[in-house]
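# Descriptive analysis of the structure
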Amino acid sequence: MVTNTSGKKKTAVARATVRDGDGRIRINSQPVELVEPEMARLKMLEPFRIAGDDLRDDVDIDVTVNGGGFSGQADAVRTALARGLVQHLNDAELREAYMQFDRSLLVNDVRQSEPKKWGGPGARARYQKSYR
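Since the structure is predicted, the reported quantities are computational estimates derived from the model, not experimental observations.

## Side note on the sheet that holds strand E3 (residues 25-27)
What links the strands of a sheet is backbone hydrogen bonding, and the strands pair in either a parallel or an antiparallel sense. The strand order across the open sheet formed by five strands is E1-E2-E5-E3-E4, and the pairing between neighbours is mixed. If you trace the sheet from one side to the other, it starts and ends with strand E1 (2-9) and strand E4 (30-31), each paired once. Of the pairings in the sheet, the one linking strand E2 (residues 12-20) to strand E5 (residues 59-66) comprises eight bridges and is antiparallel in character. Bridged to Ala-14 within E5 is Val-65.

As structure tokens, then:
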């Protein structure tokens, strides 16, 4: 059985394909063990630490991720993996464990950066006013 899922964080979008296999996880056709920086890799593998690493040996996962920076991409991949595992295994207990740990494992974080406006250097900050 093949399951397709996606995850989003800021402008990063990750699409995951989960199928029965022997534990290969690839991020943009690269083994997850080669992902740098290490904090991003640990973030990506969080769903397996919660579900148990023995679960990893039963599935192959291919993830394509684009947009955003490494941290946003890591969060998007994490959501896509968790959703894919829950959908592939059809396991209510696993879903509950993910929700208990962190809701953003299964639900996209919809927050976006606010667009810059005129009259200042950013979205809210204004240029300094001079009186003389």
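## Digging into unusual backbone geometry
Look at the link from Glu-36 to Pro-37: it is a cis peptide, with omega at -5°. Relative to the assigned elements, Pro-37 resides in the loop between E4 and helix H1 (38-44). If you check the backbone angles, Asn-28 has positive phi at about 50° while not being a glycine. One can find Asn-28 in the loop between E3 and E4. Looking at Asn-28, the relative accessible area reads 39%, which means it is partly exposed.

## Topic: the environment of Thr-17
With respect to the helices and strands, the residue Thr-17 is situated in strand E2. Taking the C-alpha atoms as reference points, Thr-17 and Thr-64, 47 residues apart in sequence, are found 8.9 Å from one another. Contacts of Thr-17, omitting those with residues within four sequence positions, involve Val-2, Thr-3, Asn-4, Asp-60, Ile-61 and Asp-62. Among the polar contacts listed, one links the side chain of Thr-17 to the side chain of Asn-4, at a separation of 3.0 Å.

## What about the pattern of salt bridges?
Evaluated as defined, the whole model comprises 13 salt bridges. Between Arg-24 and Asp-22 there is a salt bridge, with its nearest N and O atoms 3.4 Å apart. The exposure class assigned to Arg-24 is partly exposed, which follows from its relative accessible area of 46%. Its salt-bridge partner being Glu-33, residue Arg-56 comes within 2.5 Å of it at the nearest N-O pair. With a gap of 23 residues between them, Arg-56 in the loop between helix H2 (46-51) and E5 and Glu-33 in the loop between E4 and H1 connect regions that are remote in the sequence. You can call Glu-33 partly exposed: its relative accessible area is 47%. Put simply, Lys-43, Glu-46, Asp-75, Arg-78 and Asp-102 are held in one network by salt bridges that share partners.

## Comments concerning the nonpolar core
Ile-27, Ile-61, Val-63, Val-77, Leu-85 and Tyr-98 are the most contacted members of the largest nonpolar core, which totals 29 residues. Those elements that provide at least two residues to this core are E2, E3, H1, E5, helix H3 (70-89) and helix H4 (92-101). Of the residues forming this core, the biggest block, eight residues, is contributed by H3. Contacts of Ile-61, omitting those with residues within four sequence positions, involve Ala-16, Thr-17, Val-18, Arg-24, Ile-25, Arg-26, Phe-48, Leu-81 and Leu-85.

How each quantity is defined
- Residues numbered from 1 in each chain as written.
- Predicted model: local features only at pLDDT ≥ 70, side-chain atom pairs only at ≥ 80, totals over all residues.
- Heavy atoms only, no water.
- Pairing = 2+ DSSP bridges.
- Helix = DSSP H or I, 4+ residues; strand = E, 2+ residues; numbered from the N terminus.
- Buried < 20%, exposed > 50% of the residue type's maximum accessible area, 1.4 Å probe, protein only.
- Contact = heavy atoms within 4.5 Å.
- Polar contact = N/O pair within 3.5 Å; in protein donor to acceptor, adjacent residues only side chain to side chain.
- Salt bridge = Lys/Arg side-chain N within 4 Å of Asp/Glu carboxyl O.
- Core = buried A, V, L, I, M, F, W, Y, C linked by side-chain atoms within 4.5 Å.

Nothing here speaks to function; it is all geometry.
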